[in-house]
Structure formats: structure tokens, C-alpha cells
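Breakdown of the fold
Chain by chain, the residues:
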Amino acid sequence: MATKLNSGGSGTRSSVAIFVVVGLCCFFYLLGAWQRSGFGKGDFIALQMTKGGADCNILPDLNFETHHGGEPGVVDDSDSTIKTIKPCDPKYTDYTPCQDQRRAMTFPRENMNYRERHCPPENEKLRCLNPAPKGYVTPFPWPKSRDYVPYANAPYKSLTVEKAIQNWIQYEGNVFRFPGGGTQFPQGADAYIDQLASVIPIKNGTVRTALDTGCGVASWGAYLWKRNVIAMSFAPRDSHEAQVQFALERGVPAVIGVLGTIKMPYPSAAFDMAHCSRCLIPWGVNDGMYMMEVDRVLRPGGYWVLSGPPINWRNFYKAWQRPKEELEEEQRKIEEIAKLLCWEKKSEKGETAIWQKSVNAESCRRSEDDSQATFCETADADDVWYKKMEKCITPYPKANRDEDSEGEVKPFPERLNAVPPRIASGSIPGVTVDTYMEDNKTWKKHVKVYKNTIKIIDSGRYRNIMDMNAGFGGFAAALESPKLWVMNVVPTIAKKNTLGVVFERGLIGIYHDWCEAFSTYPRTYDLIHANRVFSLYKDKCNFEDVLVEMDRILRPEGAVIIRDEVDVIVKVKKIVAGMRWVTKLMDHEDGPLVPEKILIAVKQYWVVGDNNSTSSQ
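So, a few notes on the structure that sits alongside this text. (Residues numbered from 1 in each chain as written. Predicted model: local features only at pLDDT ≥ 70, side-chain atom pairs only at ≥ 80, totals over all residues. Heavy atoms only, no water.)

Quick notes on empty space enclosed by the protein
Definition in use: The way it works is a 1 Å grid over only the protein atoms, where trapped points that fit a 1.4 Å probe form a cavity and open points with protein on both sides within 12 Å along at least five of seven lines form a pocket, and then any residue with an atom within 4 Å of a point lines it. Grid points are joined across faces, edges and corners, and a volume is the space filled by probe spheres set on the points. Secondary structure elements follow DSSP: runs of H or I no shorter than four residues count as helices, runs of E no shorter than two count as strands, and numbering proceeds from the N terminus. By the convention adopted, Pro, Cys, Tyr, Trp, Phe, Met, Ile, Leu, Val and Ala count as nonpolar, Lys, Arg, Asp and Glu as charged, and the other residues, Gly among them, as polar.
Counting across every chain of the model gives 7 cavities of 30 Å³ or more. A volume near 300 Å³ is recorded for the largest cavity. Breaking the lining of the largest cavity down by element, the ones donating at least two residues are β6 (254-256) and β13 (508-512). Counting residues per element, the lining of the largest cavity draws most heavily on β13, at 3 residues. Looking at the lining of the largest cavity, its residues break down into 15 nonpolar, 4 polar and 4 charged.

Here it is in C-alpha cells:
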């Protein structure tokens, strides 16, 4: 029987909440053992629960099966009809709704428009649960996952043939092996990064965030990780089959994306470094529009690395088997645009060139009257969602227009908790330094409770983590660990645009509208955190659509933490009861009288053609 919100004494209610926490601790302890065992199904938990083998002090009356009725602290909703959400057809195992190839082919190919986001209309949304492929297993923990991916998780061999001589990926028995090579770094990513580090200050924490355009299988980002640099990698859907999927299976941040006709979903002055290694982007076309877009997202003082044609064309045009006149013109255009953008070339060695963006506006624009530069007139350089890319230069952020120090970020990890320049300069209306510091304090408290509840949260079991409503990035900052990374999502309808703050802290993130599918393959996140996401979208789109999308991008045996108002949680829990999630509800850290509750769920293991014996049905 459900406990009503206004019934019972506070002492009793607190005891019940404690029992729930104890039960969850055991639940996630067993879950960790199950996943580490490699069983890949729920049999291990069922066996241990039957034997009572785990030393977790499980209360005999605490049921770990999915509850379709009420929970402590929730209004009784047990009489409501539960809608079962069915599995999708097996052909949708790797379905990416907004990058569906069949839909893409109906759009113009000019400027890669067809490879951009094109989401299905409301009447074409699947509203079913994507099955995992046969044999799917929990990925290897980091750092082993950097080098090995189970074949069953992404069973596509085309890259092993197409890129065989370039050392991208090799097929060995039941796994793929990633030797750390690439088209432009045949000696390995480490050696290539060493070359960059001789020019770019990677070691001292000055460079923390990087953007890898046309990333391939993201080996560059994978090997930057041990140097405390986190790269946001992107590549088009199926330009080379499953490249972004491989990146995420390896535990490397990546999204499906392309430089085409719309702006990248990142704020201005976000990244410390941007990189292109034979990414096949025509940098000199459209009056340098793509370089201008990179300039927009590059922090003042940031670096741009271009590796491959046409760099140093005089020495390499024969090997590239391209006319030297064509390559010469390509490099001429790139150099011309770089000068227009106030980028200073710092190095050109072999096939790699490195430029640095000017630190502040004044030192660069003294001859502005004589320049051919056209400056963007948009009032908000961070308003980019589905906005057309422009052939203009984005003005420097307010804090970088003169020699003041407010525009400078601290080296990492100091910058993680230092006051970000956007907040220090008052660039976000209604946000003060005190607001920011209080937010940090709150999230440290929340994450402490999460860690006490989900004992394996920072054990290395969860590598790819998403925060669906990141705010200032407090959740990610409190969770910061070399064992994991967080994709900080700032919804496009959020009251405050805080994604720039997230990047200034040395974290990464992206803009997104949760009424649409996310730009990733299915089963690419281990843990999803949703703080007041459903309150934010309750008048915007269908809760079921949001939950089905969460299920699509969540790995089997992955976890979800939903924090929201109790009335919203009730609606969410009713929908989840028809999904293949096991759920438990917790009171707020400050007690049962706080209307905000926490719903924790685990997605059960099931695959194509499974009888679904472990499902909640």
C-alpha cells in the first residue's frame, strides 16, 4: 500500500526512507558484482537474492522487483492503468532518429545538409524500446575499453577493411582492437600528441577542452584523456560505418555531427583547442564559413590544429596524388582566412600546422578599418540551436575585449571550482558569484548522497555519464574523476544559458531540446542524471517520448537518477512501470517533507529475440 504524502509521523517516514536507501545500496552492490562477472543477464542477481549471499542487511519485506503501485512518500497511483511500451523491431537496434539514413537522403547534399539533424515528425516517432543486439555485454572498464570493444556491441567490420593500413581498428576474435593509430598518426596517437605538445601548452592545464571535427574512431581524444584533456569528438552518421558508436563504446566523448549549414551546438569561446586530422572539411570554401564557425567556439588564446592536406603541399602532393596547383590554392585560402580571423601560425611541421587565436580583441583589431572582416551582428552568439551558419566573425566575449583578467580561465583542475569569467563579468543576468558558490555546495551534497546510495557510481563501472539539465555543471564537478566523464546538456528552453560556464569550468557539454532525439547511437551512456527535466518540459512535449529516448541511449544494466517534484515523479513512475526498468524512490536528503523526490532506476538486460525473462512484464 502506498504511503500518502500527508499521512504518518515524520519518524516513521524517515525510517522507511532509510530502509529504501539500505535496499538500494545492496541492489547496486549486487548489480556491480553481476556486471563485473560478465554474466550479462539478471540470473546472477536473482541467484544472490535467493541465497541472501550479499552482506547488505536486506530487509525481508523489501521487494526489489519493479513496483507498479505506490512507494513511500508518493501519492497512491496504483489504480491507474499501466501502458506497456513494446520492443522495437530488431532492424532498429542501432536507430538514430534524427540522423536516420533513409530520411537523410531526401535532403539536399549541398554543404552536407543531408547529414545534419533531421528529426522525424510527431506521427513518425517510433515510441518503442530499442533492443540490444544478440550477445551484447557490458563494455570493458576504462582504460581497457580505450583499446578493446566487444564485437557483439557494434558488429560492423567495414572499417577494419577500409582503414586496415591506417591502423584505426582491427578485428580479433570476439573483440575489436584499437591500436591508437590514425591516418595522420601512423606511429600512434601518443607520438602525434607529443608533437602537438611541443607547441601547445597541454601539460600545465592551460588546455583542457578540445573539439575534434571529423573524429573517426576518436583515438586522438582517447589518448588525450591521460593528459587531463577532454575532447568533444564528432563525425557524421555512417560516413564511415559506426565510427561515433565505436568512440562511445571505447568510453570517449562523441556525438553524431557535421559542419554543414547550421551552427555547432556549442557556445562561443568554449574550447581551448580545435583539431582536424584529415577530416575532409573544405575549410576554404564559402568564404571561410567553417573556419569562422571554429573561431566562434574557440576561446581567445585557443589553438587550431590542421593535419593533412593541404598543409606543406610542396613536399606531399605526390604522395597525396593531387595536383599541386589545387593544393596550393587550398592552403592559400586557409592562410588568408586565418589572418582575417587574427590567428597566428605557431608551427608548420610535416603535414601539421598549428594556429593560435588572439588573446583579446584590441590587440588584433587595431587595423579594423582596413580589414575585410565582416562581424556578426547577432545579439547572442550562444543562440545557435538550428541557427544558420554565418559568413562573419563572432565578436569576442565581453570579458575579452580589453586587457582585464576577467576573461582568463584558470588552469585545470583549479578552474573546476574557480568563479568562471562569465559569472565574474556578470554576463548571465540574475546570476551572481554567491549564486554559483551556493549551487556548487548544493551539488556536492546531492552527489554525496548519490555515492552513498549507488556504491559503484565512481568505481569505474559508469564511464559515459549524461546530465540532462546541467545548469552550471555542479553535478559533473562534484563527480569529477579520471574514471568517468559527463556530457553536460543545457536544454534549449532552460531559463538561463549556462553552457559557457560549464566549459569555463573545464567540463564539456552541448545544447539540446529533449522534445527531440539526442545525436547519438543507442546504448551509449552508462548513467543518466535528470534534474527537474520533466518539470521543465511538462508543457512542451510528451513525457513518454522523453523516457523512451532516455531508454534508447542508456545501456542495458545502466542506471538513471531522476530528481523532481513529487507530482511529476508520480507521472514519470507510471510510464516507467511499463518499461523494462527496475525502480526505487527516495526522499529528498533533507527529509520527507521536502516535495522534491529522487527516483532511481536500472534498465534491465534484454536483447533481440529475448524471451525477456528478466523484464518487469
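Topic: the environment of V305
The criterion, for reference: Buried, partly exposed and exposed residues are distinguished by accessible area as a fraction of the type maximum, computed with a 1.4 Å probe on protein chains only: under 20%, between the cut-offs, and over 50%, respectively. By definition, residues are in contact when any of their heavy atoms lie within 4.5 Å.
Relative to the assigned elements, V305 resides in strand β8 (residues 298-307). V305 sits in the buried class, given a relative accessible area of 0%. Taking the C-alpha atoms as reference, V305 lies 9.5 Å from D212; in sequence the two are 93 residues apart. Residue contacts for V305: discarding those within four places in its chain leaves Y192, L196, I200, M273, A274, H275, C276, T352, A353 and I354.

Some remarks on the environment of K345
Here is the rule we go by: Polar contact is the term for a pair of N or O atoms within 3.5 Å; when the atoms are in protein, one must be able to donate a hydrogen and the other to accept it, and sequence-neighboring residues count only if both atoms are side-chain atoms.
Along the polypeptide, K345 turns up in strand β9 (residues 343-349). A sequence separation of 10 residues divides K345 from E335, and the C-alpha atoms of the two residues are 8.7 Å apart. The contact partners of K345, leaving out residues within four places of it in the chain, are Q331, E335, A353, I354 and W355. Side chain to side chain, K345 and E335 meet in a polar contact 2.4 Å long. There is a polar contact of 2.5 Å between the side chain of K345 and the side chain of E348.

Quick word on the pairing of strand β5 (residues 230-235)
Just so we agree on the cut-off: Any two strands between which DSSP finds at least two bridges are classified as paired. Look down the strands so they point away from you; if the path from the first strand over the helix to the second goes clockwise, the crossover is right-handed.
Most of β5 sits inside the fold, with 6 of its 6 residues counted as buried. Residues I230, M232 and F234 of β5 are buried on one face, and the alternating residues A231, S233 and A235, pointing to the opposite face, are buried as well. Bridging between strand β4 (residues 209-213) and β5 involves 5 bridges; their strand directions are parallel. If you follow T213 over to β5, its bridge partner there is F234. In the classification by handedness, the crossover that spans β4, the intervening helix α7 (residues 219-224) and the parallel β5 is right-handed.

Let's talk about unusual backbone geometry
That bond from P309 to P310 is cis: its omega, 5°, falls within 30 degrees of zero. Position of P310 among the secondary structure elements: in the loop between β8 and α10 (313-320). Cis rather than trans, the peptide bond between F412 and P413 has omega equal to 10°. Checked against the element boundaries, P413 lands in the loop between α12 (361-364) and α13 (421-424). Of note, R278 is a non-glycine position whose phi angle comes to about 45°, a positive value.

Comments concerning the pairing of strand β17 (residues 596-603)
Of all the 8 residues making up β17, 8 are buried; the element is thus mostly covered by neighbouring parts of the structure. Where strand β15 (residues 554-565) and β17 come together, 7 bridges link them in antiparallel fashion. When the bridges of β17 are listed, V560 appears paired with A601. Pairing between strand β16 (residues 581-587) and β17: 7 bridges, direction antiparallel. Looking at the pairing, W581 lines up with K603 of β17.

Here we look at helix α18 (residues 543-553)
Counting buried residues in α18 gives 11 out of 11 residues, a clear majority hidden from the surface. Here α18 has its buried residues at F543, E544, D545, V546, L547, V548, E549, M550, D551, R552 and I553. A side-chain oxygen of the first residue of α18 lies 2.7 Å from the backbone nitrogen of E544; this N-cap is N542.

Thoughts on the sheet that holds β4
Threshold: For helices, the axis comes from a line fit to the C-alpha atoms of the stretch in contact; other axes are also lines fit to C-alpha atoms, and the angle between any two N-to-C directions lies between 0 and 180 degrees.
Read across the open sheet, the 7 strands follow the order β6-β5-β4-β7-β8-β10-β9; overall the sheet is mixed. This sheet does not close on itself; its edge strands, each paired only once, are β6 and β9. The sheet shows a mean angle of 20° between the axes of neighbouring strands, direction not considered. As paired elements, strand β7 (residues 271-277) and β8 share 6 bridges and run parallel to each other. Across the sheet, S277 pairs through a bridge with S307, a residue of β8. Across the face of the sheet, helix α6 (residues 189-197) comes into contact with β7, β8, β9 and β10 (352-357) while running at roughly 45° to β10.

As for the state of the cysteines
Which entries qualify depends on this criterion: Disulfides are defined in this document as cysteine sulfur pairs within 2.5 Å.
Per the counting criterion, the structure on display carries 5 disulfides. With its sulfur 2.0 Å from that of its partner, C376 forms a disulfide with C392. Taking the sign of the S-S torsion, about 100° here, the bridge from C376 to C392 comes out right-handed. Highlighted residues: C376 in the loop between α12 and α13 and C392 in the loop between α12 and α13, separated in sequence by 16 residues. The exposure class of C376 is buried, given its relative accessible area of 10%. Residue C392 is classed as buried on the basis of its relative accessible area of 9%.

Structural notes on the packing of aromatic side chains
Quick reminder of the rule: Note on ring pairs: Phe, Tyr and Trp rings are taken, using the six-membered ring of Trp, and paired if centres are within 6.5 Å. Classes follow the plane angle, with under 30 degrees stacked, over 60 edge-to-face and the rest tilted.
For the structure shown, the criterion picks out 21 aromatic pairs. Arranged with centres 5.1 Å apart and planes meeting at 80°, the rings of W283 and W304 form a pair that is edge-to-face. In this pair, W283 sits in the loop between β7 and α9 (289-297) while W304 sits in strand β8, placing the two residues 21 residues apart along the sequence. When sorted by exposure, W283 lands in the same class as W304, which is buried. Seen from their ring centres, F518 and Y525 are 6.5 Å apart, and the 80° between their planes marks the pair as edge-to-face.

Focus: the nonpolar core
Here is the rule: Residues grouped as a nonpolar core are buried Ala, Val, Leu, Ile, Met, Phe, Trp, Tyr and Cys residues, joined through side-chain atoms within 4.5 Å.
Ranked by internal contacts, the top residues of the largest apolar core, which has 135 residues, are Y266, W283 and M550. Sequence-distant contacts of Y266, that is, excluding residues within four places in its chain, are made with L211, M232, F234, V255, F271, R296, V297, V384, F503, G509, I510 and Y511. One finds V149, A154, F176 and F246 within the second-largest nonpolar core, a separate group that totals 8 residues.

Section: the sheet that holds strand β12 (residues 485-491)
The mixed open sheet is built from 7 strands, whose spatial order is β13-β12-β11-β14-β15-β17-β16. Both outer strands of the open sheet, β13 and β16, are each paired with one neighbouring strand and no more. Sheet twist, expressed as the mean angle between neighbouring strand axes with direction ignored, is 20°. Contacts between helix α14 (residues 433-453) and the sheet are confined to β14 (525-531), β15, β16 and β17, with β15 contributing the most and set at about 135° to the helix. The strands touched by helix α19 (residues 566-576) are β15, β16 and β17; relative to β15, the strand with the most contacts, the crossing angle is about 155°.

Purely geometric numbers; function is a separate question.
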